[in-house]
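Residue-level structural notes
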Amino acid sequence: MVPACPVYYRRTMAKSEVQDPKTTLEAILAERSDLAQIAAVIFDYTQYLLDDDERLTKGGALDGRGRALLSTRALELLGGPAASGPGDGEEDA
């Protein structure tokens, strides 16, 4: 599957070294540093959720509660409407 940004695809596929995802986010969102910072926070929160084995399905994906927490946090950071779902008002991180 080719990423939505062909420039990003060509640049990363030409290199064999591993790139830091946060650096890649900053490069993609260079003109929107505010969004780059939010994307980095969302990335960190996703990593936090994925590190918690209790929030994972047998296949290694986030369970429903983990997805709801991630969605709520992303909407909160992006200034979107608050998502209503399981555990409203609880803060896990």
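For clarity, every value in this text was computed on a predicted model and none was experimentally measured.

On to the environment of Pro 21, then. Of note, Pro 21 is situated in helix α2 (residues 21–28). Exposure remark for Pro 21: the relative accessible area of 36% places this residue in the partly exposed category. The spatial distance from the C-alpha of Pro 21 to the C-alpha of Ala 40 is 8.4 Å, given a sequence separation of 19 residues.

Time to look at the pattern of salt bridges. Enumeration according to the criterion identifies four salt bridges in this entry. Measuring nitrogen to oxygen at the nearest pair gives 2.8 Å for the salt bridge that ties Lys 22 to Asp 44. With Lys 22 in helix α2 and Asp 44 in helix α3 (residues 33–51), this pair connects stretches of sequence that are 22 residues apart. Lys 22 sits in the partly exposed class, given a relative accessible area of 27%. Residue Arg 32 is joined to Asp 34 by a salt bridge in which the shortest nitrogen-to-oxygen separation is 3.1 Å. Of the residues examined, Arg 32 reaches a relative accessible area of 42% and is grouped as partly exposed. Of the residues examined, Asp 34 reaches a relative accessible area of 37% and is grouped as partly exposed.

Rules used throughout
- Residues numbered from 1 in each chain as written.
- Predicted model: local features only at pLDDT ≥ 70, side-chain atom pairs only at ≥ 80, totals over all residues.
- Heavy atoms only, no water.
- Helix = DSSP H or I, 4+ residues; strand = E, 2+ residues; numbered from the N terminus.
- Buried < 20%, exposed > 50% of the residue type's maximum accessible area, 1.4 Å probe, protein only.
- Salt bridge = Lys/Arg side-chain N within 4 Å of Asp/Glu carboxyl O.

Honestly, it's all geometry; don't read function into it.
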